[in-house]
Amino acid sequence: MSDVADRVKKIVVEHLGVEEDKVVENASFIDDLGADSLDTVELVMAFEEEFGIEIPDDAAETIQTFGDAVKFINDAA
Amino acid sequence: MRRVVVTGLGLVTPLASGVEETWERLLAGQSGAGKITQFDTSRVVTDYACEVKHGDGSDGTFNDDAYCDAKERRKIDDFILYGIAAADQAVKDANWTPEDEESLLRTGVMIGSGIGGLKSIEQTTLMMAEKGPRRVSPFFIPGALINLISGQVSIRYGFKGPNHAVVTACSTGAHAIGDAARLIKYGDADVMVAGGAEAAICEIGIAGFNACKALSTKRSDDPKAASRPYDADRDGFVMGEGAGVVVLEEYEHAKARGAKIYAEVAGYGLSGDAYHITAPSEDGDGGFRSMSAALKDAGLEPGAIDYINAHGTSTMADVIELAAVERLLGNAAATATMSSTKSMTGHLLGAAGAIEAIFSILAIRDQVVPPTINLDNPAVETPLDLAPNVKREREVNVALSNSFGFGGTNASVIFRKV
């Protein structure tokens, strides 16, 4: 697993309080990992902070799963 | 008229987390004061307060994990955490965690705070100044709003009745209990979870009250001696934090389910000073009128009062309240006992009225009055017994708790043995 994926997984585990093995490629933050709409806002902020990037609101809406997040950050970096 | 009784109690105080743990230390005359540990105090005048002691739950410490997991705690200010904890203790003490829809619809929550999420506001503002507004958490607002204790508690237990929150500075806790009792009397609910919570021991909180010249400043070398109501050497209040929550219940409802009944909410009075933003009116008329209104509501004569839990903050205003009580009681002042438990807990601001209501209720339960500690050299002579330094074993059938707040907002609540 890439360094980016590891760091994203760590953030998701910390913020959503879920087991690490639940954070898989297609895991949806809301449907599978118990996040609500505010949690997802905070997750995106944490990604911005961790990777020093800016994720515009319209792009943030497309980040629904763990895989989406890793892909977006890899593309942005 | 529907009668309202108290069937559950919950406390998080600087003395201990838990009702019995706090009460035992209060009767023993212990102080919860010490040097502030929550922030670097090098820039503020007052470096001591009465803080909640965190730990694993043993020896009266407050175990954060027992009430809220780490993930949820990040989303709420400490005043909400303390409010949730005291509410959890109270509903379990009352054995009131119903699951049927009718009971849930008839149970409401009214837990207030004087200031709310001041620590969160301070920290978020500092962070925003450094990193910009895009870093402000979506949980900042719902984690700092005063009514979010009532919101959180209702979500936890499914209580769908009236959901409300009082904000009347240092009278908050007393107003919440009085107002919640009225909602039950009026028929809006059968059960109300009511009280107050506060957690304002942070740099801006201490600096703000220092600027008002309200806090004790001279006892950095001996914080436990700093809160000394009625003593000639008092020099301001000592800030406390924590929460007090009671379960109030319509009398027949409580009897029908065999609930343990601590006391009846016999009377409630409110008044405004219309005088000054921080100082009480010098003749104590506001406090006199709130106490008089509570007596009238209870249908009691002044001589019926056995115990008064004073507002008594360890400021110049102590003697104003004292004079108002003497005026109210007249000759009966010689047979009543009045103490200020703030000498031990510090001043919990919006939670003060709630924890002190609970102390008044426990005084009725155990027929004992907690002391006023550090009262070595009384500032004035009074016919009232102020229970200096030692608890009083005495008959307590009726207890009155006073709370007065900035803005000139006064509340008095009377509890009676059932």
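It should be emphasised that the depicted structure is a prediction, and the values quoted were computed from it without experimental measurement.

All names here are of chain B. One non-glycine residue with positive phi stands out, namely Lys 213, at about 60°. Its place among the elements puts Lys 213 in the loop between helix H8 (203–211) and strand S7 (242–250). In this structure, Asn 374 is a non-glycine residue whose phi angle is positive, near 65°. Summarising the element assignment, Asn 374 is placed in the loop between strand S11 (368–369) and strand S12 (392–393).

This paragraph deals with a negative patch on the surface. All names here are of chain A. On the surface, Asp 6, Glu 19, Glu 20 and Asp 21 cluster together to form a negatively charged patch. Note on placement: Glu 20 falls in the loop between helix H1 (3–16) and helix H2 (37–51). We classify Glu 20 as exposed; its relative accessible area is 52%.

Glancing now at the side chain of B:Glu198. All names here are of chain B. Take Glu 198: it is sitting in strand S6 (residues 191–198). This buried residue, Glu 198, is left without a salt bridge; Lys 119 holds the nearest opposite charge, at 10 Å. Among the polar contacts made by the side chain of Glu 198, one reaches the main-chain amide nitrogen of Ile 115 at a distance of 3.0 Å. Discounting residues that sit within four places of it in the chain, Glu 198 has contacts with Phe 79, Tyr 82, Ser 113, Gly 114, Ile 115, Gly 116, Glu 241, Gly 242, Leu 348, Leu 349, Gly 350 and Ala 351.

A separate point is the interface of chain A and chain B. Each partner contributes residues to the interface: chain A has 15 residues there, and chain B has 11 residues. For the pair chain A and chain B, the two sides together bury roughly 1100 Å², of which 44% comes from carbon and sulfur. On the surface where chain A and chain B come into contact, there are six salt bridges. A salt bridge links A:Glu42 to B:Arg74, with the nearest nitrogen and oxygen atoms 3.5 Å apart. Taken together, chain A and chain B are joined by nine residue pairs in polar contact (both at pLDDT 80 or more). At the level of elements, H1 and H2 of chain A are the ones that each hand at least two residues to the side of chain A that touches chain B. Looking at the side of chain A that touches chain B element by element, the count peaks at seven residues for H2(A). Class assignment of the residues belonging to the side of chain A that touches chain B gives a composition of six nonpolar, two polar and seven charged.

The rules we used
Residues numbered from 1 in each chain as written. Chains lettered and ligands numbered in written order. Predicted model: local features only at pLDDT ≥ 70, side-chain atom pairs only at ≥ 80, totals over all residues. Heavy atoms only, no water. Helix = DSSP H or I, 4+ residues; strand = E, 2+ residues; numbered from the N terminus. Patch = residues over 30% accessible without salt bridge, like charges linked within 9 Å, V, L, I, M, F, W, Y side chains within 5 Å. Areas by Shrake-Rupley, 256 points an atom, 1.4 Å probe, with all protein chains shown as cover. Salt bridge = Lys/Arg side-chain N within 4 Å of Asp/Glu carboxyl O. Lys, Arg positive; Asp, Glu negative; His and termini not counted. Charge placed at Lys NZ, Arg CZ, Asp CG, Glu CD. Buried < 20%, exposed > 50% of the residue type's maximum accessible area, 1.4 Å probe, protein only. Polar contact = N/O pair within 3.5 Å; in protein donor to acceptor, adjacent residues only side chain to side chain. Contact = heavy atoms within 4.5 Å. Buried area = accessible area lost by both parts, 1.4 Å probe. Nonpolar A, V, L, I, M, F, W, Y, C, P; charged D, E, K, R; others polar.

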